[in-house]
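Summary of the model geometry
For reference, the chains in residue letters:
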Amino acid sequence: MTIRPSLYTIPPHRSFSDALAAGLLARFGGEPTALARRIVLLPNNRAARAVSDAFVRRSDGGLLLPRLVPIGDPELDERIGGALDPLGAEPVPPAIDPTERQMRLARLVQGHRGVDAAEALRLAGDLGRTLDQLIIEEVAPTRLRDVAADLPDLAVHWQSSLATLELILRDWPEELTRLGRIDLAERRNRLLNALERRWRNASPPAFVCAAGITTSAPAVARLLRRVALLEQGMVVLPALDLAMPDDEWELLGPHDGEGGRQRRAAESHPQFHLKLLLDRMGVARGEVDTWRWGGGRDAPAVRSRAIGNAMAPPEATSKWEKMKPAERRLSGVRALELADPAEEAQAIAIAMREALETPGKTAALVTPDRNLARRVSAHLKRWGIEADDSAGRPLSQTPPGTLLLAIASAAVERFAPVPLLTLLNHPLVRQGEERLPWLDGVRLLDLALRGPRPAAGLSGVSAYLSEGEGRDARKRKRAQSFWKEAAALLHPLEEAARALADDQERLWQPREHAQGLGRILESIRETASTLAGDAVWRGPAGRAAADLLTALEEASAHGPERVEPASLPALLERMMEGQAVRPPYGQHPRLFIWGLLEARLQQADLMILAGLNEGTWPAAASPDPWLAPRIRADLGLPSLERRIGLAAHDFACGIGARQVLVTRARRDARSPAIASRFWLRIEAMTGGVTREPNHGRWAKALDRPGEFLPASRPAPAPEPKLRPRILYVTDVDRLKADPYAFYAKRMLRLSSLDPADADPTPAWRGSAVHKVLQDWMEEDDCDPARLRPRAEALLDDPGVHPMLHALWQPRLMEAIDFIAAEMAKGRDSGRKPMKAEIEGKAEIAGIELRGIADRIDRCGEDVLAVVDYKTGKPPSRKAVDEGFSLQLGLLGLIAERGGFPDTEGRAGRFEYWSLAKDKGKFGYVVSADLRSDMEPEEFVAKAAAHFTKAAEAWLTGSEPFTAKLHPIYAPYGDYDQLMRLDEWYGRED
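Residues numbered from 1 in each chain as written. Predicted model: local features only at pLDDT ≥ 70, side-chain atom pairs only at ≥ 80, totals over all residues. Heavy atoms only, no water.

Comments concerning the overall build of the chain
What counts is decided by this rule: Think of it this way: any DSSP run of H or I at least four residues long counts as a helix, any run of E at least two long counts as a strand, and we number them from the N terminus. Remark: exposure states derive from per-residue accessible area (1.4 Å probe, protein chains only) relative to the maximum for the residue type, with buried under 20%, exposed over 50%, and partly exposed in between. When checking whether two residues touch, look at their non-hydrogen atoms; a contact exists if any pair is within 4.5 Å. Computed with a 1.4 Å probe, the accessible areas rest on the Shrake-Rupley method; for each residue, only the protein chains presented here act as cover. The positive count covers Lys and Arg only, the negative count covers Asp and Glu only, and His and the chain ends enter neither. Working definition for charges: the position is that of NZ of Lys, CZ of Arg, CG of Asp or CD of Glu.
If you tally the helices and strands in the chain, you get 36 helices and 23 strands. Summarising its shape, the C-alpha atoms of the chain cover approximately 130 × 70 × 65 Å along the three principal directions. Residues classed as buried in the chain amount to 52% of the 989 residues present. Pairs at least 24 apart in sequence give 77% of the contacts found in the chain among residues at least 6 apart. Summed over its atoms, the accessible surface of the chain is roughly 45,700 Å², and 50% of this surface lies on carbon and sulfur atoms. Charged side chains in the chain number 135 positive and 140 negative. The centres of these two groups are separated by 5 Å.

Spelled out as structure tokens, the structure:
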């Protein structure tokens, strides 16, 4: 007698978990313990949680749940439920630990490919997925060689990948046999096959229901067929389209070869994986019945029909024009199109907040875009709402994860300023009463490390803090006490990093190198405990971090043989990204944030399907670096488009809820975005989904002020007696071009900070060259043979960035040689250098004018030449004509007033000695008197007149310090934010 299989499907307009719970309760809930004797097979642990919650929602006064048994998911590193691995059964070898497996595969990859450890780990992850697919699809690895032989024209890079894969598939089984382990996917197959044989020989005494399982793997299909044929068994599939016309159903494939060519299967269709599962089960779609029970908050049944029509194969979409409006209407579905992801997140948060106004109403955001999910979560916190984000956060983005990565980065970068300060500033470091004093010390160190990078290592920082002069020396001295304390805590980490680097030099001793990796991981763990105490290991994230580090330390001896120190942070981050951390409690009971995996089998009253752009939902297909698409197809492996079909099925199930809001942003963070194919389908079929009228408008208005009050152009006017009476020649142009900037610098005493670990700025390069030329003049008496060695010593300093050394050395050496030649030429003509970097002052217009001359030469009896060194170009003629760039004239004025010690005479020459390029060569001299009809005396007089006018207006007078009077001569923006430039500039009228 032919037994009809017991197969059902729950349509997408019903919540799968709730409908399943309602049906099982209706059938077996008559007595208190009836359900407890039943078994429900589910795809994974997440599905088990969803079904468990559905039973709890329907329990009244207590309920004994059925046994919820996950069949395991190799992609999630989930092991099969213990109920399917009973005691007394034929023993199955244990599965290899996932972390150890990836490390061992990474070693094999590195041995065959020669890549660094981080890349080997990435390729090992992809390799593991490829191996799992071969195992799940029951494809013998030996078939690879046969398939490759049939494709002689395969691209060279695919041939190389295939050759490496064959070697690994030869070595990997030997490795597992030696360990007495098997792959997790292989163990799952063996257990499922054993269970199928056991139930084939003797039916289980309890009722068995396989629910929500859509995996089309052969072992799973055989087990589901067996369950469906059991006298007390049933299989319940999610959202199988029973109304799809047969001709459309057959279009999905897979297809037999026709005329020597095989038609491509429609793997991107949401029903393909279900059709493949039914084909492998050996049952027809007509043998599947619709589940009779609803979930209690179902959408109208016509919704499922509309979803099926929207997801029709491309060849059948022409029917949309002929369908009745009721068959393509998506009542209850609204669409919201926003400008950018920030606005999209704001609108979604408002929609979720609005749902809470209805008592008992639930709302769920479903999106594969984790950045969007985090933004929505942050917006909800403005109302004190912690949404239940079941997808969690990657460990690498949690505080313990970022601390471990900061420690690794600081170690491998040899405590360069940026990673060092990132580590010391981390919020977990020195929590409690020690936190504030610790931060005070970190801030002192931060100020001291501003500017170019010191020498590498803890000793390099220590030496840097003990050097310097003037203001910099005072900053560094204040940081020394704190640095001694911090350096002592970091010393063991530096030793471990040095050991790892030493191991890199001994590549012929791989075991010692593996020990070096274990040692640095151990040191990272100990340093985290030293800096943060128990805080780093507390909570779900801390425990996950501790477990991961423990697993990595244990597996490090089996990992890549060569671990370059620079790849350590990337290696750690790659392992952390696979660890999701979810807070166990404290979230809102009616608001949820789900990824696509978490959203399967469950619905909320309001479903918000967000991020509907191509590349996000569906995600761009991740290429397989090991198998070419043609090889995958010939082996019978899922194509890269199979995941698009799964994403389409997730969308079809989500849009079946009673109330749905679909959203997308018109652009992403970089460029305009393309609407998802799912969005375009429902738009095309319905003629335009009903737009949500309010949430986008509210999102824009939420942070918009009631009225705009832009700042006016600042013009502070302190009393004359409060204004400075000392002025440096370098500040004169700032006073005239941007009086407000002068006010902020000299009166408010605000100065900008250099970035930490900054590339040497033009000012730094200028100061360095000035120092070289000053020492050359004072210590070497301008000996031409001594100048180049001094410049070379400057570039050989360990603190000079290698890129600067490479780019600046040629031009600097050529310009230095030019200066030496010019000085020698000047001496031959009677010109004598007198002073270098000499400071002088003079009383002019009631103001003490001060300045430093780079060099003063004597030309003849009483004529002085004032020289200014420039690493860039000298000022333009236009600037001089308009009364700016008169610094040399003011220095000449100080000289003529006797302001420079031991330097008397008349300022008759004003020269810029530039190291820039002119006429194809580096180095040239140009007179500061840029107008040929101006006598030197006129230059000094003009400088004096302009200075007097400025001093009488802003220093001894009451002229307001107006911002940006002459923007063209105020190129520096140090105080633009303080003056709120963007609010008024260009709107003065």
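Description of the sheet that holds strand β1 (residues 7-10)
Quick reminder of the rule: At least two bridges found by DSSP between two strands are what make those strands a pair. Under this scheme, a helix contributes an axis fitted over its contacting stretch, all axes are lines through C-alpha atoms, and angles between N-to-C directions fall in the 0 to 180 degree range.
Spatially, the six strands line up as an open sheet ordered β3-β2-β4-β5-β1-β8, and their pairing is parallel. Where the open sheet ends on each side, the last strands, each with one partner, are β3 (67-70) and β8 (288-290). Going from strand to strand, the sheet's axes swing by 25° on average, the running direction of each strand aside. Relative to β3, strand β2 (residues 39-42) is paired through four bridges, and the arrangement is parallel.

A short note on the confidence of the model for the chain
Close reading of the predicted structure is inappropriate where its pLDDT is low. This is how the line gets drawn: For every residue, the predictor assigns a confidence score, pLDDT, that lies between 0 and 100.
Mean pLDDT over the chain stands at 86; residues scoring 70 or higher make up 92%. This model gives residues 507-514 a pLDDT under 50, and the stretch forms 15 contacts once residues within four places in sequence are excluded.

A word on the packing of helix α13 (residues 341-355) against helix α14 (residues 370-380)
To keep things clear, this is the line we draw: Reported orientations rely on four angle classes, namely roughly parallel under 35 degrees, roughly antiparallel over 145, roughly perpendicular from 65 to 115, and oblique for the rest. In this scheme, a crossing is called left-handed if the near helix is turned counterclockwise away from the far one by less than a right angle; it is called right-handed if the turn is clockwise. Lys, Arg, Asp and Glu make up the charged group, whereas Ala, Val, Leu, Ile, Met, Phe, Trp, Tyr, Cys and Pro make up the nonpolar group; the residues left over, Gly among them, are polar.
Taken N-terminus to C-terminus, the directions of α13 and α14 make an angle of 50°; their axes are 8 Å apart at the nearest point. For the element pair α13 / α14, the angle class is oblique. The interaxial crossing formed by α13 with α14 has right-handed handedness. Residues Pro341, Ala342, Glu344, Ala345, Gln346, Ile348, Ala349 and Met352 of α13 lie in contact with α14, whose contacting residues are Leu372, Arg375, Val376, His379 and Leu380. Residues that form the contact of α13 with α14 fall into these classes: nine nonpolar, two polar and two charged.

A closer look at a nonpolar patch on the surface
For the record, the criterion: Each patch is built from residues that are more than 30% exposed by relative accessible area and take part in no salt bridge. Like charges join if they lie within 9 Å; nonpolar side chains (Val, Leu, Ile, Met, Phe, Trp, Tyr) join within 5 Å. Any Lys or Arg side-chain nitrogen found within 4 Å of a carboxyl oxygen on Asp or Glu counts as a salt bridge.
Together, Leu748, Leu750 and Leu978 make up an exposed nonpolar region whose accessible area comes to about 230 Å². Among the secondary structure elements, Leu750 is positioned in the loop between α29 (739-747) and α30 (762-779).

Concerning the sheet that holds strand β17 (residues 690-691)
With parallel pairing, the seven strands of this open sheet are ordered in space as β11-β14-β10-β15-β16-β9-β17. Sheet topology places β11 (388-389) and β17 at the edges, where each strand pairs with a single neighbour. The sheet contacts of α13 involve β9 (333-338), β10 (363-366), β14 (591-594), β15 (606-609) and β16 (659-665), and relative to β16 the element is tilted by about 165°.

A word on the pairing of β1
Bridging between β1 and β8 involves three bridges; their strand directions are parallel. Each residue of the ladder has a partner; that of Leu7, found in β8, is Val288.

Considerations on the pattern of salt bridges
Pairing between side chains becomes possible if they bear opposite charge and their charged atoms approach one another. Taken as a whole and assessed by the stated rule, the structure comprises 56 salt bridges. Asp289 is the salt-bridge partner of Arg4, the closest N and O atoms lying 3.3 Å from each other. Of the two residues, Arg4 is situated in the segment before β1 and Asp289 in strand β8; the sequence distance between them amounts to 285 residues. Taking the relative accessible area as the measure of exposure, Arg4 reaches 48% and is therefore partly exposed. Since its relative accessible area comes to 32%, Asp289 is described here as partly exposed. Salt-bridge contacts for Arg677 lead to Glu614; the nearest nitrogen and oxygen are separated by 3.0 Å. Of this pair, Arg677 sits in helix α26 (residues 677-686) while Glu614 sits in the loop between β15 and α24 (629-635), placing them 63 residues apart in sequence. Through salt bridges that share partners, Arg831, Arg855, Asp857, Arg909 and Glu911 make up one connected network.

Thoughts on unusual backbone geometry
With an omega of -5°, the peptide bond between Gly253 and Pro254 qualifies as cis. Its place among the elements puts Pro254 in the loop between α9 (246-251) and β6 (257-258). Residue Pro618 follows Trp617 across a cis peptide bond; omega there is 10°. The backbone of Ala845 shows a phi angle near 55°, a positive value even though the residue is not glycine. Turning to its location among the elements, Ala845 is positioned in the loop between β19 (831-844) and β20 (847-859). Note on Ala845: relative accessible area 30%, which makes it partly exposed.

A word on the nonpolar core
Quick note on the threshold: Nine residue types can take part in a nonpolar core, namely buried Ala, Val, Leu, Ile, Met, Phe, Trp, Tyr and Cys, and a core is a set of them joined through side-chain atoms within 4.5 Å.
One finds Leu445 and Ile631 to be the most contacted residues of the largest nonpolar core, which totals 94 residues. Per-element tally for this core: the top contributor is helix α19 (residues 470-505), with 11 residues. The contact partners of Ile631, leaving out residues within four places of it in the chain, are Leu144, Val147, Leu151, Leu154 and Leu162. Formed by 46 residues, the second largest nonpolar core is a distinct cluster that contains Ala842, Ile847, Phe900 and Ala943.

Quick look at α26
How we decide: For this analysis, a polar contact is any N or O atom pair within 3.5 Å, provided that within protein one partner can donate a hydrogen and the other can accept it, and provided that sequence-adjacent residues contribute only side-chain to side-chain pairs.
Across the 10 residues of α26, seven count as buried, placing the element largely inside the fold. Of all the residues in α26, the buried ones are Phe678, Trp679, Arg681, Ile682, Glu683, Met685 and Thr686. Buried positions along α26 lie against α11 (302-310), α12 (325-328), β9, α25 (642-654), β16 and β17. Between a side-chain oxygen at the N-terminus of α26 and the backbone nitrogen of Phe678 the separation is 3.1 Å; the capping residue is Ser676. Once α26 finishes, Gly687 follows within two positions and takes phi at roughly 80°, a positive value.

With respect to helix α22 (residues 568-577)
Because an α-helix packs 3.6 residues into every turn, residues spaced three or four apart end up facing the same way. We apply this condition: Taking the helix axis as origin, the arc is that swept by the directions to the C-beta atoms.
Here α22 has its buried residues at Leu568, Pro569, Leu571, Leu572, Met575 and Met576. Down the axis of α22, the buried side of the element spans an arc of 160°, and every buried residue falls inside it.

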